[in-house]
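Report on the structure
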Amino acid sequence: MNKKKVLLFMLMIAMSFNINAAPATSFAETINNENIEVIATYDNEIPQEIKRIYKPKHTGEGVSYFDYIFIKARVSNLREKPDPNSQIVGKYTYDNKLKLLQKVKYQGNIWYLAEDANGTKGYIAASQTEKRDFRFQMALDKIHDLENFISKSIDDGATLMSVNTYTPNPSNVNPKRQKDKYGTSLDQNLLGISKKGEQIIIPDRSVVRIIENRGDKALVKALSIPEELEVSKAKLSAYPSIKKGFRKVIAIDIENQNFMVFEKSRQTNEWELISYVYTKTGIDSELGYETPKGFFTVPVVKYVMPYTDETGQKAGTAKFAIRFCGGGYLHGTPINVQEEVNKEFFLRQKEFTLGTYTGTRKCVRTSEGHAKFLFDWLVNSPNKDSNDQRLSEDAYFIVF
């Protein structure tokens, strides 16, 4: 056998060994000679492709890490080892957030290696916590989806509009609770019919492409919905106008209860992450709905958004509100009328729960300080004599 054949034979053997070799298992340490298996490690870093264009204008309020857990038990213990009998190094109550370092397995149970704000590290039972993270790349990918949808539609000569079906109903009289197969409620939204005759709901202010005019109907394609749908043409609006070159997007991650704010640089033409914060989104209730997913235009911004109780009486207000779907706004922490006398205390109490569970009527909640930052970002020259404000330039909400 010549040298070339010998080398080829040896290479094939090496490749076969590598292909069939079992993947190495990572172990952090041992307890009583049993291995602690490391399932995942978290670096708490913004992905490199995001970091390259990262120029924060407003740091995330209360956000110290991008991979975190929050306590869902009344009290949970941080332990020296992933063992319920090991030494306790910290105690935390409901909704407290800890920096996530590792996910491990020991004796069939899942634990998290975490670190608190004081730098104390230890293990906490996964069953007593909920994991969250910031999906920066997914948000950016969806911004690119919106850009491509708008650009291709305009290049094809198609008309772009947004759904306009919102009718204020603060007391939630005769709400339309019907949901489609995607879980979208009919209330304040647009009913469409697919080619198969299915009833599918397009949320208010969704971006749609007109495929075909059919008298008082139109066949449309919403970016957030796979099917083409026939809808009432009267429920479509040309305001705000949809065109290429938008530069401002708020991307809301319902699964992780946080959101990210992006702005496209005029100098580099790249999207820059300018803010990231914890949030709270909607849940179905007597007066509320889940926050709908999709791609939305922004028709109006308000200094103050009042809200009512189940009797229709004024219950309180939320400041710096940005409407994106039906009666759904992104706004600062709501304060009830009776809470005004001790407002700062209640602001702190409520903002502590951001980034944990859903709980609004439909809106997306942020801190009052961050809401003002967004208001100023969207409205350069506000009309001081009006509560309602128009945006200085196009902006979109992406909810996923």
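About the cut-offs
Residues numbered from 1 in each chain as written. Predicted model: local features only at pLDDT ≥ 70, side-chain atom pairs only at ≥ 80, totals over all residues. Heavy atoms only, no water. UniProt positions renumbered as here; feature names shortened; annotations may be inferred. Helix = DSSP H or I, 4+ residues; strand = E, 2+ residues; numbered from the N terminus. Buried < 20%, exposed > 50% of the residue type's maximum accessible area, 1.4 Å probe, protein only. Contact = heavy atoms within 4.5 Å. Areas by Shrake-Rupley, 256 points an atom, 1.4 Å probe, with all protein chains shown as cover. Lys, Arg positive; Asp, Glu negative; His and termini not counted. Charge placed at Lys NZ, Arg CZ, Asp CG, Glu CD. Polar contact = N/O pair within 3.5 Å; in protein donor to acceptor, adjacent residues only side chain to side chain. Salt bridge = Lys/Arg side-chain N within 4 Å of Asp/Glu carboxyl O. Pairing = 2+ DSSP bridges. Axes fitted to C-alpha atoms, helices over the stretch in contact; angles between N-to-C directions. Phe/Tyr/Trp six-rings, centres within 6.5 Å; stacked < 30°, edge-to-face > 60°.

An unreviewed UniProt entry lists the protein under the name SH3 domain-containing protein, with Fusobacterium simiae as the source organism. Taken directly from UniProt, the Pathway (unreviewed entry) text for the protein runs: "Cell wall biogenesis; peptidoglycan biosynthesis."

1. Description of the overall build of the protein
Helix and strand counts for the protein stand at five helices and 27 strands. Each principal axis of the C-alpha distribution contributes one length, and for the protein these read about 75 × 70 × 45 Å. Per-residue burial for the protein yields a buried fraction of 50% across its 400 residues. A separation threshold of at least 6 residues defines the contact pool for the protein, and within that pool the share at least 24 residues apart is 64%. Approximately 20,000 Å² of the protein is accessible, and the part contributed by carbon and sulfur atoms is 49%. Side-chain charges in the protein split into 56 positive and 49 negative, and the spacing between the mean points of these groups amounts to 3 Å.

2. Quick look at the side chain of Ser275
Here Ser275 shows up in strand S19 (residues 271-278). Taking relative accessible area as the criterion, Ser275 reaches 0% and is therefore assigned buried. At 2.6 Å, the side chain of Ser275 forms a polar contact with the side chain of His370. When neighbours within four sequence positions are excluded, Ser275 is seen to be in contact with His58, Phe259, Met260, Val261, His370 and Phe373.

3. Description of the side chain of Lys248
Within the element layout of this structure, Lys248 appears in strand S17 (residues 248-253). For Lys248, a relative accessible area of 5% puts it in the buried group. Beyond its immediate chain neighbours, meaning those up to four positions away, Lys248 contacts Phe262, Glu263, Trp271, Trp377, Leu378, Glu393, Asp394, Ala395 and Tyr396.

4. Regarding the pattern of salt bridges
Following the criterion strictly, the structure yields 28 salt bridges and no others. For Lys51, the salt bridge identified is with Glu45, shortest N-O distance 3.0 Å. With a closest N to O distance of 2.9 Å, Asp156 and Lys152 form a salt bridge. On the basis of relative accessibility, which here comes to 43%, the residue Asp156 falls in the partly exposed class. Given a relative accessible area of 52%, Lys152 falls into the exposed group. Among the charged side chains, a salt-bridge network with shared partners connects Lys57, Arg247, Lys248, Glu263, Arg266 and Glu393.

5. Here's the deal with helix H5 (residues 368-378)
Burial analysis of H5 places eight of its 11 residues in the buried class, which makes it a mostly covered element. Among the residues making up H5, those that are buried are Glu368, His370, Ala371, Phe373, Leu374, Phe375, Trp377 and Leu378.

6. Re the sheet that holds S19
One open sheet accounts for five strands, arranged S19-S18-S17-S27-S20; its pairing is mixed. With partners counted over all chains shown, the strands left at the sheet margins are S19 and strand S20 (294-297), one partner each. Between one strand axis and the next, the sheet turns by 20 degrees as a mean value, whatever way the strands run. As judged from the six bridges shared by S17 and strand S18 (residues 258-264), these two strands associate in the antiparallel manner. Within S18, the position partnered with Ala251 by the bridge is Met260. Sitting on the sheet, helix H3 (residues 136-155) is in contact with S17, S18, S19, S20 and strand S27 (395-399), with an inclination near 50 degrees to S18. Sheet contacts for H5: S17, S18, S19 and S27; angle to S18, the most-contacted strand, approximately 25 degrees.

7. Things to note about the packing of aromatic side chains
Under the defined criterion, the tally for this structure stands at 16 aromatic pairs. Between Phe70 and Tyr357, the ring centres sit 5.1 Å apart and the planes meet at 90 degrees, which makes this aromatic pair edge-to-face. With Phe70 in strand S3 (residues 67-71) and Tyr357 in the loop between helix H4 (343-351) and strand S25 (364-365), this pair connects stretches of sequence that are 287 residues apart. Owing to a relative accessible area of 0%, Phe70 belongs among the buried residues under this scheme.

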